[in-house]
Each structure stands twice: as structure tokens, then as C-alpha cells.
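Fold and geometry: a report
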Amino acid sequence: MATVRLQKINKAYIKDQLVVKNFDLDINDGEFIVLVGPSGCGKSTILRMIAGLEEITDGKIFIDGKLVNNLPPKDRDIAMVFQNYALYPHMNVYKNLAFGLKLRKYSTQEIDERVKRAANILEIGKYLEKKPKELSGGERQRVALGRAIVRNPKVFLFDEPLSNLDAKLRVQMRAEIKKLHRELRTTMIYVTHDQIEAMTMGDRIVILKDGEIKQVGSPMEVYQRPANKFVGSFIGSPAMNFIDGIIKNGEFIAPGVNIDLNAKDRLTDGLEVSLGIRPENIAINQGNIEAIVIVTEPLGSDTIIHVQIGKASIVIKHPSLTILQTGEKITLQFESDKIALFDKATDEPVDI
Amino acid sequence: MKSKIKKIFLISLLAMLALMFIYPFFWMIGGTLKPEIEVMNFSPFGSSWSLDSYRIMLGKIPLFRALFNSIIVSLVSTFSVLVLSSMTGYALARLRFRGRSLIFNVILFTMVLPFQLTLIPLYVLMVKFGWVDSYAALIIPYTMSAFAILLFRQFFMQIPNDLIDAARIDGLSELGILFRIFWPLSKPALITVGIIHFMGIWNEALWPMIVVRKLSMMTMPQMVALYAVGGQAESQVGTQLAAATLMSLPIIIIYLVLQRHFIASMATSGLKG
């Protein structure tokens, strides 16, 4: 159990080319924090710097209040789970779990107890004598989790642990890791590129782009109040819709769209903005925005409808089965309290 | 029908080639058992059998001492090559440091230099060190091998990075990672390097001839060469062949024991035999 504090972390592999820029983050004791972002955003690098596998170019990392910048990985009291499991192929499951403890000179009895306990939690007791190559992907990842658990570390680090699993197993393991967190109450830092994993697992989410934090917040916060256009487009599936337009007399104007925002006093005339609206916040066959149906994708429980408004392509998530013909003209209404505006020049949200 | 004829033709051709290859070996063994007068006959089989050639040969030269020397030299050198070359290969494959590719290129370059070129300077060094007529002269120039370094480096580069990270977090040092994680995973490379190097140094005759004069320090190939060419065999071809047979025996035994691994390693280490 520990806090993790990252202070003004910078990382450059090649001089003056920062892959992580001024990264500041305080992680609370027992918190499940998810770093999410597109590939190459520096999220794995941050995790590896916390683990001590990567040197820090500039800044300070504290684990449990202790500066760890110059500590090797083994002395940081952390455990890490890797994307491709990283189990030792020549050792059976038992030895894989016991290896780290053996190196730390635990007694045989203590090792045995810990391994058995972890095996119990993860239900891998019956595989203990097997080699990793005899196990399926899901079983291997369980063993990798076990290897982290037996150490009873201060912090768990996960580097895209579910990316190699098939979709069904991923959902299942997602729940198991979450359950594990509830039981152990240990600080966990989880890296993923999958925004659904981030949304479903994290107490807080850190959204990264190009080595910089774009937003930190609870899943609902970042979903409902994205701090910028990137967060809006990255979090949520299908992604948030954006329409470029201009403000005039408190109204949002774009080709085919004219929405009164009732904010004449607060919005500057002539401001160029992007209007953001989530697919589920658009009602069909209501309102006055005219749209042409391009394609419908029935998913069973709901329907994804792609439409065209003026020049903008918009995706609608309609909460029932509706089949519309391509080329059909429909009207739309945006839920006014769910509309977000972003300044085109600064990418920052504009208060309505 | 046509393909069957083709197959028969190919098989007989290969069988003939194999026979051509193996025949001198049988002839050598046959020659040691035949009466001296029949040794030069084409057939490996003689009119009677005896072990006289071996008896005469062993009476004339201290072959067992040479066998002992050869075993010591080959084992120590092979072990050292496995340890030191895998360490170098690990550093070149897995550690980031300044000048890494330069060092690697220099090591590669030494592979193209023929041994005959470095022979004289190396001999001068041995004399200066006072190592002539010692195990040091026989072993130390063979404690590293550029070929082994190259093979280990290539093999180690295929081992996933996460495995090293996991081992570091588990608390292994770099040497610990090499010997406790990489070695168990690199059995094919270790066996390949081990056998190739062992064969090479076991059969090495030129270098021992240069740095060793004392009979008690000589290795098998040197002793056999000296015996066969040096006049002690008194032109008795049978006894010369007996010495050669004894020399090749350990290699053949090792190969037969390890051949399954050897062929498998040749296939998996990406090295074409």
C-alpha cells in the first residue's frame, strides 16, 4: 500500500526530443489509476520509469514518500504484469511464482504458503506443475498476475496486460483484475490504449497525448466534461461528434445547423468553435436539424446511424432497433445540456 | 513409374557419395587391425585380425598423457568460450552502451583474419609471457571465440525484452539474467557452440606444435602427427592409423551421444550446417 508521486517527469531518448513532457501526477494509496492514450503517447514509458526499467531524464518519482529515482527495480517494491506475460519458459508455474521470492531469500515454507495463497485467489492451483507453453493465453496471464501477487508489493504496474487476449477473455480478465483490486486494496497503475478498459477499470483516468497529460479525472468526469477536443474524441465509443462552426448572437451556426445556446452574453460573436455532441445525446425524428441517412448498423440492443449534416458526418446511437433507408431525410435534435463547445484556436472548452 | 526411376537413381547416387565419404574412415579402422603387410590393400578387411598396431603404438609414445592433455585443454577452453562469449554476446545484444556497434564490428572483423596471420605475433606473446610449454599457452588464446559471440548475440536478440524486465523486477542482476534465464533458454546455441568449438580445439595441431616442445605437454593431434610423420612409427602405417583412430574416437563418441541435439540446434539456431 503506497502513494506514488510523479513530479515534473521528462523523458528523452534522443537529446531534446521529449517523449514525456512535464508529467505531474499524485496517485493515492490504494487507487486504481489508468494511463490511456494512442500508441506512442508515452504511457508505457511512464510506467517503465516508475518500475525503474527506464531512466528518468528529469524529474522525481516518489513511492510511499521515498525518492526512488536511483533505486533499481528490485528495490522499489513494485510488481509488473506485461503484455506478453513474460513468464520464464523453462520454469513450471510454481517456480515462476516462487522465483522472485527465492531471490529475496524467503524461507521455503513462506514461499510455499504465498504461492499456494496466490494460486488459490487466481484459481491456478491445478496448473502449478505445468510449463507456461502448456497453458492458454488467459491462463498464462493469470500466472503472470500470480507472480505479481505473491510478492505482496506496494504498487502493481500493468502494461497492457489484456491486449493479447481475445475479446471474450479480455472482458472476463478485466473483471478479475478489478475484483483483485477490491480484495487487495493495493495501489495499481494500469496502462492501456483501450478506452473501454480505462473507463471500466479506473478510479481515475489519465489521458495522454504526445507525452502530455490531456486530462485527469474519474471516468464519468472525463466522459461528461472532456477538457479538450482530443479527450472528447478519444473517450467513448462511438467517438464524440464534432461540427465546426461559428458563434453569432449566442447561436451556433454551421452549414445546416443553427442551435440557440441561450448564451448571448457569455459567448463572443465571431468565435470559431467545434461543437461536440455524443452519439447517444442525439434524438431522431425531433427538432429542426436536417440530415441525410448514409448507413445504419443495427447492433440488436441499439442502432448506430451514420448521417450527413451539411458537410459534417455525424454518428448517432439510437437506443432501439430502427432501420432507416440510405438517402432518407430525417430531423435531429441535440440534447442542449450535453453540448460541449471547444475553441478552435486553443482546443480548450468554452463555457456555455 | 518415371518418378520411381528418378528416385532410385537419386538414392543410389547419394548412397555412392556417402560411401565415398565414409570409406576412408572404415579403411583407417580396418588398417589398424590388419597385418602390417596388407595395410595398403584397398579392402578394409584383412586375412587376420590383431591389436598389434595399438600395442606397438602405445609402447612407443605416451599417448595417454596426450589424451589427458587434450581433454583438459578442450574442456577448459570450451567451458570458457561458453561463459565468456555468452557474456559478450549478452552485452552486445541487450545492453545499451557507447561504442557497442563499433565493438561488434571489430569482433566480426577478427573472424575474417586467418589464424596463420596472427600465429607469429601470438607466439611472440607466449614467449614474452613465459607460457611456452604450459597449459596457459594451449588454452588462453582459445578462451574466446568471435564466432561464438556472433552466434550468442543473434540468439539472445530473439529473446523477448519483457522477460529481461520481469527478471530485473524479480531481482536478478545482469549476470543472473544471463545464467539463470538466458542459458536455460539457449540450449541449442550452447550445444552448437560447445560442439563446434570442442571439435575445433580437439583437432587443432598447428598451434600446439608451435608453443609446445615437451613430450609431456603435447596434445593428441600433435602427438599423432609427430609420431606419424616424425619417424617414431618407423614407417609402420598400421600403428600410425591406430594413433589416428584413437584421436578421432572421443569426437565420434561425443557426436554420437549429442547428435540429436546437435542436428536440432543446427536447425533452430539459424545456422546452416
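Predicted model, so just to flag it, every value in this text is computed and none were measured. Counting starts from 1 at the beginning of each chain's written sequence and moves along it residue by residue. Chain A is the first chain written and ligand 1 is the first ligand written, with later ones labelled in order. Reporting of local features is limited, given that this is a predicted model, to residues whose pLDDT is at least 70; pairs of side-chain atoms are given and counted only at 80 or more, and all residues count toward the totals for whole chains, interfaces and linings. As a rule here, side-chain values cover all heavy atoms of the structure and leave hydrogens and water aside.

Further remarks concern the domain arrangement of chain B. Residue and element names in this part refer to chain B. Domains assigned within chain B are domain 1 (1-50) and domain 2 (54-268). Domain segmentation is taken from an automatic or database assignment of domains. Centre-to-centre, using C-alpha coordinates, domain 1 lies 32 Å away from domain 2. What gets called buried area is simply the loss in accessible area from a 1.4 Å probe that two parts show on being joined, summed for both. A per-residue breakdown of the area domain 1 buries against domain 2 is headed by Met28, Thr32 and Glu36, which together make up 60% of the total. For salt bridges, the criterion is a side-chain nitrogen of Lys or Arg within 4 Å of an Asp or Glu carboxyl oxygen. Where domain 1 touches domain 2, the interface holds zero salt bridges. Throughout this description, a polar contact denotes any pair of N or O atoms lying within 3.5 Å of each other; where both atoms belong to protein, one of them has to be capable of donating a hydrogen while the other can accept it, and for residues adjacent in sequence the pair is counted only when both atoms sit in side chains. Applying the counting criterion to the domain 1 and domain 2 interface returns three residue pairs in polar contact (both at pLDDT 80 or more).

All names here are of chain A. You can read the domains of chain A as domain 1 (4-234) and domain 2 (241-350). Two residues form a contact once any of their heavy atoms are found within 4.5 Å. Taken together, the contact pairs nine residues of domain 1 with nine residues of domain 2. For the pairing of domain 1 and domain 2, the buried interface totals around 780 Å² over both sides, and the portion due to carbon and sulfur atoms is 51%. Taken together, the connections running from domain 1 to domain 2 amount to zero salt bridges. Where domain 1 packs against domain 2, one counts three residue pairs in polar contact (both at pLDDT 80 or more). Secondary structure follows DSSP: runs of H or I at least 4 residues long count as helices, runs of E at least 2 residues long count as strands, and numbering of each begins at the N terminus. Elements supplying a minimum of two residues to the side of domain 1 that touches domain 2: helix H7 (219-224) and helix H8 (229-234).

With that settled, consider the sheet that holds strand S17 (residues 312-318) of chain A. Hydrogen bonds between backbone groups are what pair the strands of a sheet, and the pairing can be parallel or antiparallel. All names here are of chain A. An order of S17-S16-S15-S18 is seen for the four strands of this open sheet, with the pairing classed as antiparallel. Two strands lie at the open edges of the sheet, namely S17 and strand S18 (329-334), each paired on one side alone. Strand-to-strand, the axes of this sheet are offset by a mean angle of 50 degrees, without reference to chain direction. Across six bridges, the pairing between strand S15 (residues 282-298) and strand S16 (residues 303-309) is antiparallel. Residue pairing for S16: Pro298 is matched across the bridge by Thr303. Any two strands with at least two DSSP-identified bridges between them are counted as paired. All axes here are fitted lines through C-alpha atoms, helices being fitted over the stretch that makes contact, and every angle between N-to-C directions spans 0 to 180 degrees.

Moving on: the nonpolar core. We call a set of buried residues a nonpolar core when its members are Ala, Val, Leu, Ile, Met, Phe, Trp, Tyr or Cys and they connect through side-chain atoms within 4.5 Å of each other. Each residue's exposure class comes from its accessible area (1.4 Å probe, protein chains only) as a fraction of the maximum for that residue type: buried when under 20%, exposed when over 50%, partly exposed otherwise. Counting residues in hydrophobic clusters, the biggest one holds 60 residues, and the most contacted among them are A:Phe23, A:Ile189 and B:Ile181. Discounting chain neighbours no more than four positions away, the residues touching B:Ile181 are A:Tyr88, A:His90, A:Met91, A:Phe99, B:Leu163, B:Ala167, B:Leu172 and B:Gly176. With 46 residues, the next largest nonpolar core counts A:Ala79, A:Leu165, A:Ala198 and A:Val222 among its residues.

Another aspect to go through is the packing of helix H3 (residues 108-122) of chain A against helix H4 (residues 137-150) of chain A. Residues and elements named next belong to chain A. At their nearest, the axes of H3 and H4 sit 9 Å apart, and the two run at 135 degrees to each other. Looking at the two axes, H3 sits oblique to H4. Handedness of the H3/H4 crossing: right-handed. From H3, Arg114, Val115, Ala118 and Leu122 reach across to H4, where they touch Arg142, Leu145, Gly146, Ile149 and Val150. Should an angle lie under 35 degrees it is considered roughly parallel, over 145 roughly antiparallel, and from 65 to 115 roughly perpendicular; all remaining angles are considered oblique. Two helices cross in a left-handed way if the nearer one is turned anticlockwise from the farther one by less than a right angle. They cross in a right-handed way if the turn is clockwise.

With that settled, consider the side chain of B:Glu38. All names here are of chain B. Position of Glu38 relative to the elements: it lies in the loop between helix H1 (2-33) and helix H2 (52-60). Positive charges come from Lys and Arg, negative ones from Asp and Glu, while His and the chain ends are left out of the count. The side chain of Glu38 sits in the buried core without any salt bridge; Lys34 is the nearest counter-charge, 6.3 Å away. Non-local contacts of Glu38, meaning those with residues more than four positions away in its chain, are made with Gly46 and Ser47.

Here a patch means residues that are over 30% exposed by relative accessible area and free of salt bridges, tied together within 9 Å if like-charged and within 5 Å if nonpolar (Val, Leu, Ile, Met, Phe, Trp, Tyr). To be clear on the numbers: accessible area is Shrake-Rupley with a 1.4 Å probe, and residue cover counts the displayed protein chains and nothing else. Charge coordinates come from a single atom per side chain, which is NZ of Lys, CZ of Arg, CG of Asp or CD of Glu. Together, A:Lys95, A:Lys102, A:Lys105, A:Lys131, A:Lys133, B:Arg180 and B:Lys187 give the surface a local cluster of positive charge. Positionally, A:Lys95 belongs in helix H2 (residues 93-103).

For the rest of this paragraph, the subject is the pairing of strand S4 (residues 58-63) of chain A. Residues and elements named next belong to chain A. Two strands pair when backbone bridges link them, and strand S1 (residues 4-14) and S4 are joined in this way by five bridges, in the antiparallel orientation. Residue pairing in the sheet places Val4 in a bridge with Ile63 of S4. Relative to strand S5 (residues 66-67), S4 is paired through two bridges, and the arrangement is antiparallel. Counted as the bridge partner of Ile63 is Lys66 from S5. Hairpin connection of S4 to S5: two residues between the antiparallel strands, including Asp64 at a positive phi of 55 degrees.

Every contact between the two is made by 26 residues of chain A and, on the other side, 16 residues of chain B. Per-residue buried area on chain A facing chain B is highest for A:Tyr88, A:His90 and A:Leu103; these three make up 29% of the total on that side. Counting every contact that joins chain A to chain B gives two salt bridges. Close ionic contact of A:Glu54 with B:Arg96 constitutes a salt bridge, the shortest N to O distance being 3.9 Å. Taken together, the connections running from chain A to chain B amount to six residue pairs in polar contact (both at pLDDT 80 or more). For the side of chain A that touches chain B, the secondary structure elements donating two or more residues are helix H1 (43-51), strand S6 (78-81) and H2 of chain A. The leading source of residues in the side of chain A that touches chain B is H2(A), at four residues. The nonpolar class holds Ala, Val, Leu, Ile, Met, Phe, Trp, Tyr, Cys and Pro. Asp, Glu, Lys and Arg form the charged class, and all remaining residues, Gly among them, are polar. Here the residues of the side of chain A that touches chain B are counted per class, giving 15 nonpolar, four polar and seven charged.

What follows deals with the confidence of the model for chain B. One confidence number per residue, pLDDT, is output by the predictor and ranges from 0 to 100. Here chain B shows a mean pLDDT of 88. Residues at 70 or above account for 94%. Confidence drops under pLDDT 50 across residues 269-273 of chain B; counting only partners more than four residues distant or on other chains, this segment forms eight contacts.

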